[in-house]
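# Survey of secondary and tertiary structure
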Amino acid sequence: MGERSFELRTVALAAFGPTLLFSTGEGAIIPMIPLIAADQGADLGTLGLIAAMIMVGELVGDLPSGALVHRLGERRAMIGAAIVSVLGLAGCYFSTSPWMLGACVFLVGLSTAVFALARHAYITTAVPLRYRARALSVLGGVFRGGYFIGPFLAVLVLMVTPDKRAVFLLHIAFALASVILLLCTKDLGTSGEGAAEPAHQGLLTTLVRHRGVLVRMGACAALIGGLRASRMVVLPMVAVAAGLPPSTTALIIGIAGGIDFALSYTSGQIMDRFGRMWAAVPSMTGLAVGHLALFAVDDVSTFAIVAVFLALANGTSSGILMTLGADLAPQPGPAPFLGAWRFTGDFGQAVGPVTVSGLTAVAGIGFAGAGMGLLGLLGAGLLLRYVPRYVPPGERLTTGVPGHTTHPAE
């Protein structure tokens, strides 16, 4: 696949189509999980735990998913993950207790990790370097688009039937549609049997061999994931603290989400044309400043300004974690490394909201925003230090694994 003749549409059906279908189904069920758990008798503490099970499942599934994708290949891994997800969703639909529901949601999270890793590995190996960031930014935008569309489809389903569990059937339909689409497309076949050296196949070997980059750049990824997840949690909390009307809050957050989604391709253009650091550092700095500005929110106008500013900062880094992971991953056979890499970002996403909740309980929402803002500034500093070291611009990036073979940073 020559770089001159490459066009994004050559990977659209195989990667973007199934991703849109799967993420739309997931976007439909996530808002409904706590409500369904409440109907089954869960208390407030249990509601939060069950709602978090999908993220916990993804976090746990990140590490073994790399070896699984490496052995099966991308398409078979995506198909298998979608089928396992269907089984988990069926369990959710027929669940009769909160704990059964939580276990099945956890299974859906595990399958989501494998599905996400497979599409990431495919883009990493199928797309030429000069187009990589744009492709992965579009992939990230497609994922966000599915999460944006899904809740609206859930509302339509609830207009047809009062049974909230019907959203699981909706996700089942989208997961099966993704399987059909994958079966009708050319085998992705970029990983799998014999694609990589034995040294890259084992999870333990991957962690040990690339421990330097996973610790240093992984810390950056965790902080990016934490600030992104914090943004989604802290904005509604600030709105409640400021006494804003729920309808106004939802409208402003929705507009901000649209801005975030609209900037997806722009982010990829910045990274491909100017370098990864020109998206990563400004975005992280913007997220940090936006969190620090939460102290100033006391009415609708200031809330709208901060929400839009955070959306702009986040949108200009769409796909940054996937792009950095793809740049750092060994070739051939990137899947095991990508599994470990995705774990770092997902770990940050899991810890970020917990940190916000803890700081809010101790000192209030303004202090929580300030604390996350300071972590964001730390993250910007780490990115400024380590991105040039591990992901150098120019032709050095094409020689293999930056930082793993040509830099003494390990």
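These figures come from a predicted structure and were not determined experimentally.

Right, let's get into the overall build of the protein chain. Helix and strand counts for the protein chain stand at 16 helices and zero strands. Burial statistics for the protein chain: of 410 residues in total, 55% are counted as buried. Sequence separation of 24 or more characterises 84% of the internal contacts of the protein chain that already satisfy a separation of 6 or more. Split by element, the accessible area of the protein chain, about 16,700 Å² in all, is 70% carbon and sulfur.

Let's shift gears to a nonpolar patch on the surface. Together, Leu-20, Phe-148, Ile-149 and Phe-152 give the surface a local cluster of nonpolar side chains, amounting to about 370 Å² of exposed area. Broken down by element, the residue count for the nonpolar patch peaks at three residues, all from helix H6 (residues 129-160). Structurally, Leu-20 can be placed in helix H1 (residues 9-29). For Leu-20, a relative accessible area of 35% corresponds to the partly exposed category.

Further remarks concern the pattern of salt bridges. Taken as a whole and assessed by the stated rule, the structure comprises eight salt bridges. Between Asp-39 and Lys-164 there is a salt bridge whose closest N-O contact spans 3.0 Å. Here Asp-39 is found in helix H2 (residues 33-39), whereas its partner Lys-164 is found in the loop between H6 and helix H7 (166-183), with 125 residues between them in sequence. Take Asp-39: its relative accessible area is 54%, and that puts it in the exposed class. For the salt bridge of Arg-144 with Asp-260, the shortest nitrogen-to-oxygen distance reads 2.2 Å. Of the two residues, Arg-144 is situated in helix H6 and Asp-260 in helix H10 (residues 246-262); the sequence distance between them amounts to 116 residues. Overall, Arg-144 belongs to the buried group, its relative accessible area being 18%. Judged by its relative accessible area of 5%, Asp-260 falls in the buried class. One continuous salt-bridge network, built from bridges that share partners, spans Arg-132, Arg-134, Asp-272, Arg-276 and Asp-327.

A few words now on the confidence of the model for the protein chain. Residue-level pLDDT values for the protein chain average 83, and 88% of them are 70 or greater. Across residues 192-200 the pLDDT falls below 50, and counting only partners more than four positions away or on other chains, this stretch makes 23 contacts in the model. Low pLDDT, under 50, characterises residues 394-410; the stretch is placed with 39 contacts to residues that sit more than four places away or in other chains.

Time to look at H7. The end-to-end C-alpha distance of H7 is 26 Å, a good match for the 26 Å that 18 residues give at a rise of 1.5 Å each. Along H7, the residues that are buried comprise Ala-166, Val-167, Phe-168, Leu-170, His-171, Ile-172, Phe-174, Ala-175, Ser-178, Val-179, Leu-181 and Leu-182.

A word on the nonpolar core. Among the nonpolar cores identified, the biggest contains 92 residues, and Phe-168, Met-217 and Trp-341 are the most heavily contacted of them. Ignoring anything within four residues of it in the chain, the contact list for Phe-168 reads Ile-29, Ile-33, Ile-36, Leu-89, Cys-92, Tyr-93 and Leu-101.

This next bit is on helix H13 (residues 300-315). Compared with an ideal rise of 1.5 Å per residue, which puts 16 residues at 22 Å, H13 spans 22 Å between its outermost C-alpha atoms and is within 8% of the ideal. As for H13, its buried residues are in contact with H6, helix H9 (211-241), H10, helix H11 (264-274) and helix H12 (277-292).

Criteria and thresholds
- Here, residues in each chain are numbered from 1, in the same order as that chain's written sequence.
- The predicted origin of the model limits local features to residues at a pLDDT of at least 70 and limits the giving and counting of side-chain atom pairs to 80 or more, whereas totals for whole chains, interfaces and linings rest on all residues.
- The side-chain values count all of the structure's non-hydrogen atoms but skip hydrogen atoms and water molecules.
- Every helix listed is a DSSP run of H or I at least four residues long, and every strand listed is a run of E at least two residues long, numbered separately from the N terminus.
- The buried label applies to any residue whose accessible area, calculated with a 1.4 Å probe on protein chains only, is under 20% of its type's maximum; exposed applies above 50%, and partly exposed to all values in between.
- Any pair of residues with heavy atoms lying within 4.5 Å of one another is described as a contacting pair.
- A 1.4 Å probe and the Shrake-Rupley method give the accessible areas. Residues count as covered only by the protein chains that appear here.
- Each patch groups residues whose relative accessible area exceeds 30% and which form no salt bridge, using 9 Å between like charges and 5 Å between nonpolar side chains of Val, Leu, Ile, Met, Phe, Trp and Tyr.
- Take a side-chain nitrogen of Lys or Arg and a carboxyl oxygen of Asp or Glu: if they are within 4 Å of each other, that pair is a salt bridge.
- Per residue, pLDDT measures the predictor's confidence, with a range of 0 to 100.
- Here the expected length of a helix is defined as 1.5 Å per residue gap, with one fewer gap than residues.
- Among the buried residues, those of types Ala, Val, Leu, Ile, Met, Phe, Trp, Tyr and Cys that are joined through side-chain atoms within 4.5 Å form a nonpolar core.

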